[in-house]
Amino acid sequence: VSGAARHASPAELLASCERALERAHAHGAEQADACAEGSRAFTVRVHGGAVDTLKQSGTLGLGVRAIVGGAVGFASGTDLSPAGLDDLARRAVALARFATPDEANGVPDAAAAGTPAPADLGLHDPAAVELSPDRKIEMALELERLARAADPRVTRVDGASVSSAGGAFATANSRGVARGWEGTSVSAWVVALAADRDGRQQTGVEGMSVRRLADLAPLERMASQAAKRAVDRIGARPVPSARVPVVMHPDVAGAWISEMAEAWSGESVLKRSSWLTGKLGETIASPLVTLVDDGTLPRRVGSSPCDGEGVRTRRNVLVDRGRLAMFLYDHYHARRAGTASTGNGLRGWASTPGIGTHNLYLEPGGESPEAILRRVDRGFYYDDQGSFGFNPVTGDYSFQAQGYWIERGERVHPVDGVTVAGNSLDMLRAIAAVGDDLAWKSSIAAPTLLISEMTVSGS
Amino acid sequence: MDPAPPPLSSLLPRELVAELLDLARSGGATFADVFGEHAVLTGFALDESRLKTASHSVLQGVGVRAIRGEQTGYAYADGFAPDALREAARVAARIAREAPPAATGATGAPRAFRVADAPAPFELRDPATLALDEAAKVSLLRRADDAARSHDPRVREVSASFSTSAREFLVANSDGDWAEDRTHLSRLVVSALALESEQRQEAFATAGGCVEGAYYASERTPEAVALEAASGAVLLLGAREPEAGSYPVVVCNGWGGVMVHECFGHSMEGDTVRKQTSIRAGQLGQAVAAPGVTIVDSGLVPWSRGSFRVDDEGTPAQRTVLVRDGILVGYLWDRLNATLTGHRPTGNGRRASYRDYPLCRMTNTWIEPGSHSPDALIGEVKRGLYCKKLGGGSVNPADGNFSFQVTEAWQIEDGRLTHPVRNATLAGNGNDAMLRIDGVGSDLAIDGTTGSCGKDGQWKPVGVGQPTVRFTGITVGGTAL
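A brief report on the enclosed structure follows. (Residues numbered from 1 in each chain as written. Chains lettered and ligands numbered in written order. Predicted model: local features only at pLDDT ≥ 70, side-chain atom pairs only at ≥ 80, totals over all residues. Heavy atoms only, no water.)

## What about the overall build of chain A?
And then number 1: Along the backbone of chain A there are 11 helices and 19 strands.
And then number 2: Here the C-alpha radius of gyration of chain A, 24 Å, is about what a compact globule of 459 residues would show, namely 23 Å.
And then number 3: Along the first, second and third principal axes, the C-alpha atoms of chain A reach 70 × 55 × 40 Å.
And then number 4: Going through the 459 residues of chain A one by one, you find that 60% of them count as buried.
And then number 5: Looking at chain A as shown, the accessible area adds up to about 16,300 Å², and 50% of this sits on carbon and sulfur atoms. (Helix = DSSP H or I, 4+ residues; strand = E, 2+ residues; numbered from the N terminus. Rg over C-alpha atoms; globule rule 2.2 N^0.38 Å. Buried < 20%, exposed > 50% of the residue type's maximum accessible area, 1.4 Å probe, protein only. Areas by Shrake-Rupley, 256 points an atom, 1.4 Å probe, with all protein chains shown as cover.)

Okay, structure coming up:
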């Protein structure tokens, strides 16, 4: 129960799952699974040298998927009392009557789920749990102070925040699969503002989310990065439209692979709504490109011993040196496609499983970001972007962009008010260099990339 | 149909609420509020002509907020168990200990609450959330699926979903205000995938809002929504890539108002104005939009997702003029930021659920109509882009950089729409976007069906609107030069 000193344990959650399954059977489900989460989080935001908000969150919820006559019903809620679980199970069974029977519906058995990863993934950090509210306040204030102090042109800090969370997850099904695990996270963010001409301001954001406190970058580095990003943008202006080489900063490259991920979903491929439909085994990218989704990386934010259906996670190579090697599946779509789940059935307690990625990354290459920049005679260094501009059906890419104009291998002035466009297939093939600077700030990561040609639209 | 849950006021009796408000201020907070909520969410999804998802979720609990000066403490509990609520109130109260000494606040719980008696902005007699049972919802989806597939053989895949949210809340504060409200939202979304040789294109259309069951039988039938999605996808098969560059752009009425929401509205929210991180802070009385442009936010628009009787702090919804004839005349205020700056709250304190503290948010935001005919706005353009359907948009309120995805556009040549254009992205800076308006049409429409706005991780339904509006010199992203 939220408000208590700790979150529910995996064993407690599993007991609730088992009770929900028992009730689902009693109400007439042929197969069922249940998924439960319990977590606690504490977030600190500071502004102007003082606490702005403190928030404590506590989640405890459970969802039941019932299969009746081959059709699926789903119900979720936060009342985990015996009466509450019975109500969820009853509703899930009743809703299945309205769904379409489908022989691919079902839950994985123990063999399909595989044995859970034996190695300790290092997802739970006692130091993150013990990080006190007072210490988080100190850290956030320090982050804000350092960002202001980093450069006299930083006029304001639009908030600094530090949060930590701990939680447990459990999933169990009527074919004997029962899995539970625990994890923690710590995150810190800061936004620096720098005054620009005509009353304008420029922003610089830096932050990260990690499993373990020790993996958090030094506050000083985050603060100085945010400050540098803001002040380096002072005087930004558009450039004329042109087709030029584009150097993608790791943040922008990571956002691109995150947008592309849906194309690897077995569901999209079955429905032919993926731009990779029909291309399995073909060369779709430069030989420099190896794209991996791996839920077993120690200490990473997206790692877990199993997915939301209890299927063991693994390393999936999506693109192997340019060749489209595989698609991703949950249990249902794997059965539709005549294959096995790849451990990518992701879900929270309030949803049915859907295909998603764990830790998605582009393997680093051998060149330093500086060496990549020096290869560009005239082009665009692209390090920040807007939020909308990707077409998941065609792979077409067109984003509002910020960055720097490059002349003879040097960044010569900051640029804004432009867009950068291309098609993802063309862009993947045009990757001419892959940096050695892979760094993890979330569950998606990419190194610096050089794309030999994209369209910059400007004045 | 399920029996109705017990009313919130019986789960949260006044004595308990008064005790929680007292506990929340036990550390020296000057203001506290208690927000209780019971929400039922349902979802039905038809995909590949199969009803794949039939779901039901309940979210219920109580959030307690304690404020001292500029500082907020927040905690919540799922459910209504009094001990868990007391613990949440104590956690929220701890904020005051972190705060520097401030003027001593009033103590003691209010002895009597004043119940907000704002009238409902419109009468919802038979909300779709209650009027349509499971079988009726599935029938709407089947009809949409049939209509989309039979529109054109190139429509090869269709997804249709119907979702509802029935939300009841109660909010009471240490000043003695007590308010209760309920909102009933429903939405039908149809997306169609068209295939032709190597080409694939998708388009979607939506219906719904704070509407009655009869709306789906008369105003917006599943067939009409399906036709819009299917014909949109087929049209895009033959569309061309946009020309890169900066040139005149005419934006459609209705959902086109997402531009004023992003480019302008966010920078008018009281939190960023108070903290002076918004570029609009200190611009009261200045020209921020072209002459003739008037911008309004109002929670009173009939049938819209962005409307309500009282906001999530209990303040009655109202109409607020932000810009009158180009001049900035007012900001949007939630309770905290209004109090700190000496303003009155404008009914813009909104939270995603009891799990979140209120933020200053827009409700329904639009540009008032002007005098131009929409056809003339296009007819005067020698070479430009007409944006008929927009997707999502975003802005960074601090530096003003914005962008929008245009899902269906038309090339304008010598005042005529010549061919459809796909994948255009509009980019610019909010500092001057409203100053770049050089024509406002007479055809105001408010879209109360589509919008969801995200801020600090909290999503809220909103309405947006405008007449047809022309901008000069917007950067259009594309691959054609």
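## Regarding empty space enclosed by the protein
Residue and element names in this part refer to chain B.
And then number 1: The tally for this structure, following the rule as stated, stands at one cavity of 30 Å³ or more.
And then number 2: Empty space within the largest cavity amounts to approximately 40 Å³.
And then number 3: What lines the largest cavity is simply Glu262, Cys263, His266, Ser267, Ile279, Val395, Pro397, Gly400 and Gly430.
And then number 4: In terms of residue class, the lining of the largest cavity is built from four nonpolar, four polar and one charged. (1 Å grid on protein atoms, 1.4 Å probe; cavity = no way out; pocket = protein on both sides within 12 Å on 5 of 7 lines; lining within 4 Å. Points joined across faces, edges and corners; volume = space filled by probe spheres on them. Nonpolar A, V, L, I, M, F, W, Y, C, P; charged D, E, K, R; others polar.)

## Topic: the sheet that holds strand S10 (residues 319-324) of chain B
All names here are of chain B.
And then number 1: If you walk across this open sheet you meet the six strands as S11-S10-S9-S14-S23-S20, and the pairing is mixed. The open sheet has two edge strands, strand S11 (327-328) and strand S20 (445-447), and neither has a second partner.
And then number 2: Where strand S9 (residues 295-298) lies against S10, four bridges are found, and the strand directions are antiparallel. Its bridge partner lying in S10, Val296 is registered against Val321. (Pairing = 2+ DSSP bridges.)

## A word on the nonpolar core
And then number 1: In this structure, Leu143, Leu216 and Met222 of chain A together with Leu12 and Val17 of chain B are the most contacted members of the largest nonpolar core, which totals 61 residues.
And then number 2: Ranked by the residues each element gives to this core, the list is headed by helix H6 (residues 219-232) of chain A, at seven residues.
And then number 3: Residue contacts for Leu143 of chain A: discarding those within four places in its chain leaves Ala160, Ser161, Ala188, Trp189, Val190, Leu219, Met222 and Ala223 of chain A.
And then number 4: Counting residues in hydrophobic clusters, the runner-up holds 53 residues, among them Tyr247, Val258, Leu385 and Val440 of chain B. (Core = buried A, V, L, I, M, F, W, Y, C linked by side-chain atoms within 4.5 Å. Contact = heavy atoms within 4.5 Å.)

## Considering the packing of helix H6 (residues 134-151) of chain B against helix H7 (residues 222-237) of chain B
Residue and element names in this part refer to chain B.
And then number 1: One can describe the packing of H6 onto H7 by two numbers: an axis separation of 8 Å at closest approach and a directional angle of 40 degrees. You can see that H6 and H7 cross each other, and the crossing is right-handed. Contact residues: H6 offers Leu140, Arg143, Ala144, Ala147, Ala148 and His151, while H7 offers Pro222, Glu223, Ala226, Leu227, Ala230 and Ser231.
And then number 2: Across the contact of H6 with H7, the residue classes break down as eight nonpolar, two polar and two charged. (Axes fitted to C-alpha atoms, helices over the stretch in contact; angles between N-to-C directions. Left-handed = near helix turned anticlockwise from the far one by under 90°.)

## Concerning the interface of chain A and chain B
And then number 1: Across the boundary between the two partners, chain A contributes 79 residues, which contact 77 residues of chain B.
And then number 2: For the chain A and chain B pair, buried surface summed over both sides reaches about 6,300 Å², with 47% attributable to carbon and sulfur atoms.
And then number 3: Applying the counting rule to chain A against chain B returns six salt bridges.
And then number 4: For Lys55 of chain A, the salt bridge goes to Asp356 of chain B, with nearest N and O atoms at 3.2 Å.
And then number 5: At 11 residues, the largest contribution of residues to the side of chain A that touches chain B is made by strand S2 (residues 50-68) of chain A.
And then number 6: Residue classes in the side of chain A that touches chain B are distributed as 24 nonpolar, 36 polar and 19 charged. (Buried area = accessible area lost by both parts, 1.4 Å probe. Salt bridge = Lys/Arg side-chain N within 4 Å of Asp/Glu carboxyl O.)

## Structural notes on the pairing of strand S5 (residues 155-173) of chain B
Residues and elements named next belong to chain B.
And then number 1: Burial analysis of S5 places 14 of its 19 residues in the buried class, the great majority of the element.
And then number 2: Note: strand S1 (residues 31-47) against S5, 15 bridges, orientation antiparallel. Directly across from Val34, in S5, lies its bridge partner Ala172.
And then number 3: Across 17 bridges, S5 lies against strand S6 (residues 177-196) in antiparallel orientation. What sits directly across from Ala160, in S6, is Val190.

## A few points about the pattern of salt bridges
And then number 1: In total, this model carries 69 salt bridges over all chains according to the counting rule given.
And then number 2: Here Arg50 of chain B makes a salt bridge to Asp102 of chain A, at a shortest N to O gap of 2.7 Å. Placement of Arg50 of chain B in strand S2 (residues 50-68) and of Asp102 of chain A in the loop between helix H2 (82-96) and helix H3 (110-113) is noted, with the two residues assigned to different chains.
And then number 3: Note on Asp102 of chain A: relative accessible area 9%, which makes it buried.
And then number 4: Here Lys271 of chain A makes a salt bridge to Asp47 of chain B, at a shortest N to O gap of 2.8 Å.

## Quick look at the packing of aromatic side chains
And then number 1: Taken as a whole, this structure holds 16 aromatic pairs over all chains when the rule is applied.
And then number 2: Seen in terms of ring centroids, Tyr74 of chain B and Tyr357 of chain B are 5.9 Å apart; in terms of plane orientation they differ by 70 degrees. Their pairing is edge-to-face. Within this pair, whereas Tyr74 of chain B is found in strand S3 (residues 71-78), its partner Tyr357 of chain B is found in the loop between strand S12 (349-350) and strand S13 (359-360), the two being separated by 283 residues in sequence.
And then number 3: Judged by its relative accessible area of 1%, Tyr74 of chain B falls in the buried class.
And then number 4: Ring-pair connections join several aromatic residues into one group, and the members of that group are Trp256, Tyr397 and Phe399 of chain A.
And then number 5: One residue, Arg411 of chain A, lies across the ring of Tyr381 of chain A, its end atom 5.2 Å from the ring centre. (Phe/Tyr/Trp six-rings, centres within 6.5 Å; stacked < 30°, edge-to-face > 60°. Lys NZ or Arg CZ within 6 Å of the ring centre and 35° of its normal.)

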